[in-house]
Amino acid sequence: MAAIATTAAAAAAAAFGSSAAPSAVHVSYVLDYGGGIAAIANAEQVQVWSVFGGVPELLLSCDLPGVGILRILEGSQLAVLVGNATVAGFGRDTFQLFNVRQQRLMDQRVLEADILGVELSKTRLVVALEARIHVFELPKSRHLLTIEKTPDPRGVFCFAQRGHPFVCYSCSEARQGDVAAFDLDKGSVERVITAHDTPVVALGITASGRSIATASENGKLIRVFDVASGQLQRVFRRGQQASIVFGLYFDAEARFLAVVTSRRTIHVFRLESPSEPRITDRMWRAITAEESSFATVHDQEGVDARVAFDAGRLVVITSTGWIRT
């Protein structure tokens, strides 16, 4: 297994747009055709980069002003764009389906409230509002269902691009710190997981949709659960001091977990391999011995980073528009 780089500029660094990188509003990263594809939106443009072999290369640039949230679909030309209210008719309540290769608008929808997050697979688009989650069929963007939930101003949720179609989201109907796992195939909540004692501020899901990582307001402990059973699998200690967790990112094989925090650090935790102890042993160890990260990346360019694992490398795209591997 290739070693993961433990410094932010170990292999390469590329500026978004120019040497004076403009502020990036939102980024998206997927593994695509043997390498990584990064899409970055700033105030005026959307740019798509390849990160093959750790060397970023600009593929295309589109003049698309006013983008506040961006997601690109793995193995596809499809992107979802959410407005930031700086362009007339493209507010925070509006999303667009856009073909980035053809630079063609495919569809546009205006919802009843501001959109706080979007995720998509080849067949579904999931859009999070404060008190609802809407699910649409792709590529026609036909509305499938609405999930009513307790209001969450952060809109915290996760959805796997592949694997079982669980939508997991923060809920506080019974108690703070709960996470609901909604099964899109069944159209109902499969399980409510008691994750923390305080509200959940970040969720991450494995590519298979089998496990989720959770972080609460103080950000000291990261917990990993089996989605279907709700069983606790691992507990990781991020640090002794409180910190806001911006994102939780698994690698494609669920071997590593990256945690992005407000302290300009990215902690990397190692998950067990199949050759290690059975679930009962892992459960005992998770409850009695919280584990620390084996690698930490210090990022000075921006704290709200998007992180992905790519062929043994840790790819970091910062909020100021830098791609680092």
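This text goes with the structure placed above it.
Here we summarise the structure given alongside this text. Since this is a predicted model, take the numbers as computed values, not measurements.

### Describing the overall build of the chain
Link 1 in the chain: Per the secondary structure count, the chain includes 1 helix and 28 strands.
Link 2 in the chain: Here the chain, with 325 residues, has 54% of them falling under the buried criterion.
Link 3 in the chain: If you take every contact in the chain between residues at least 6 apart in sequence, the share linking residues at least 24 apart comes to 42%.
Link 4 in the chain: Here the chain displays about 13,900 Å² of accessible surface, and carbon together with sulfur accounts for 49% of that area.

### Some points on the sheet that holds strand β10 (residues 117-120)
Link 1 in the chain: On the basis of which strands lie adjacent, the open sheet formed by 4 strands has the order β10-β11-β12-β13 and antiparallel pairing. Either end of the sheet is taken by a strand with one partner, and the two such strands are β10 and β13 (142-148). On average, adjacent strands in this sheet sit at an angle of 20 degrees to one another, irrespective of strand direction.
Link 2 in the chain: In this sheet, strand β12 (residues 132-137) lies alongside strand β11 (residues 124-128) in antiparallel orientation, the contact comprising 5 bridges.

### Here we look at the nonpolar core
Link 1 in the chain: Core analysis: the biggest nonpolar cluster contains 18 residues, and C168, V179 and I212 have the highest contact counts within it.
Link 2 in the chain: No other element matches strand β18 (residues 200-205), which puts 3 residues into this core.
Link 3 in the chain: For I212, the contacting residues outside a window of four places in its chain are C158, C168, V179, I193, G204, I205, R223, V224, F225, V227 and F250.
Link 4 in the chain: Within the second largest apolar cluster, 17 residues are counted, among which are I37, A41, C62 and L70.

### A look at the packing of aromatic side chains
Link 1 in the chain: Under the counting rule described, the total for this entry stands at 2 aromatic pairs.
Link 2 in the chain: Seen in terms of ring centroids, F95 and F136 are 5.3 Å apart; in terms of plane orientation they differ by 65 degrees. Their pairing is edge-to-face. In this pair, F95 is assigned in strand β8 (residues 94-99) and F136 in strand β12, connecting sequence segments 41 residues apart.

### Overview of the sheet that holds strand β7 (residues 78-83)
Link 1 in the chain: Here 4 strands make up an open sheet; going across it, the order is β6-β7-β8-β9 and the pairing antiparallel. Strand pairing shows two members of the sheet lacking a second neighbour, β6 (67-72) and β9 (104-110), which therefore form its edges. When the angles between neighbouring strand axes are averaged without regard to direction, this sheet yields 20 degrees.
Link 2 in the chain: Where β7 lies against β8, 5 bridges are found, and the strand directions are antiparallel. Residue pairing in the sheet places A79 in a bridge with F98 of β8.

### Concerning the environment of T198
Link 1 in the chain: Along the chain, T198 falls in the loop between β17 (188-194) and β18.
Link 2 in the chain: Taking the relative accessible area as the measure of exposure, T198 reaches 29% and is therefore partly exposed.
Link 3 in the chain: Spatially, the C-alpha atoms of T198 and A215 are 9.4 Å apart, while their sequence positions differ by 17 residues.
Link 4 in the chain: Once you skip the residues sitting within four places of it in the chain, T198 turns out to touch Q176, G177, S216 and E217.
Link 5 in the chain: Only 3.4 Å separates the side chain of T198 from the side chain of S216, close enough to count as a polar contact.

### A closer look at the pattern of salt bridges
Link 1 in the chain: Counted according to the given criterion, the structure contains 12 salt bridges.
Link 2 in the chain: The partner of E119 in a salt bridge is R71, and the shortest N-O contact between them spans 3.2 Å. Residue E119 is located in strand β10, and its partner R71 is located in strand β6; the two are separated by 48 residues in the primary sequence.
Link 3 in the chain: A relative accessible area of 16% places E119 in the buried class.
Link 4 in the chain: Owing to a relative accessible area of 9%, R71 belongs among the buried residues under this scheme.
Link 5 in the chain: Between E253 and R255 there is a salt bridge, and its shortest N-O distance comes to 3.5 Å.
Link 6 in the chain: Note on E253: relative accessible area 52%, which makes it exposed.
Link 7 in the chain: Residue class for R255 comes out partly exposed when judged on its relative accessible area of 30%.

### Regarding the pairing of strand β16 (residues 178-183)
Link 1 in the chain: Counting buried positions along β16 yields 6 of 6 residues, so the element is predominantly enclosed.
Link 2 in the chain: The two faces of β16 match: D178, A180 and F182 on one face and V179, A181 and D183 on the other face are all buried.
Link 3 in the chain: Inspection of the sheet shows strand β15 (residues 166-171) paired to β16 by 6 bridges, in the antiparallel sense. Directly across from C171, in β16, lies its bridge partner D178.
Link 4 in the chain: The hairpin formed by β16 and β17 contains 4 residues between the paired strands, and G187 there has a positive phi angle of roughly 75 degrees.

How each quantity is defined
Here the residue numbers are simple positions, counted from 1 along each chain's written sequence. Local features in this predicted model are restricted to residues of pLDDT 70 or higher, and side-chain atom pairs are both shown and tallied only at a pLDDT of 80 or more, whereas totals for entire chains, interfaces and linings draw on every residue. Side-chain descriptors were evaluated using all non-hydrogen atoms of the structure, hydrogens and water having been removed beforehand. Strands are runs of DSSP state E lasting at least 2 residues, helices are runs of H or I lasting at least 4, and numbering of each runs from the N terminus. Between buried and exposed lies partly exposed: a residue is buried under 20% and exposed over 50% of the maximum accessible area for its type, with that area taken using a 1.4 Å probe on protein chains only. In what follows, residue pairs with any heavy atoms lying within 4.5 Å of each other are defined as contacts. The protein chains shown are the only cover counted for residues, whose accessible areas, like all others here, come from Shrake-Rupley with a 1.4 Å probe. A pair of strands is considered paired only if DSSP assigns at least 2 bridges between the two. Whenever a helix is involved, its axis is fitted only over the stretch in contact; in every case the axis is a line through C-alpha atoms, and angles between N-to-C directions fall within 0 to 180 degrees. Nine residue types can take part in a nonpolar core, namely buried Ala, Val, Leu, Ile, Met, Phe, Trp, Tyr and Cys, and a core is a set of them joined through side-chain atoms within 4.5 Å. Here is the rule: rings of Phe, Tyr and Trp (six-membered ring for Trp) pair when centre to centre is within 6.5 Å. Planes less than 30 degrees apart are stacked, more than 60 are edge-to-face, and the remainder are tilted. Whenever a nitrogen or oxygen atom comes within 3.5 Å of another N or O atom, the pair is scored as a polar contact, on the condition that within protein one atom can donate a hydrogen and the other can accept it, and that pairs from neighbouring residues in sequence are kept only if both atoms are in side chains. Any carboxyl oxygen of Asp or Glu that lies within 4 Å of a side-chain nitrogen of Lys or Arg is treated as forming a salt bridge with it.

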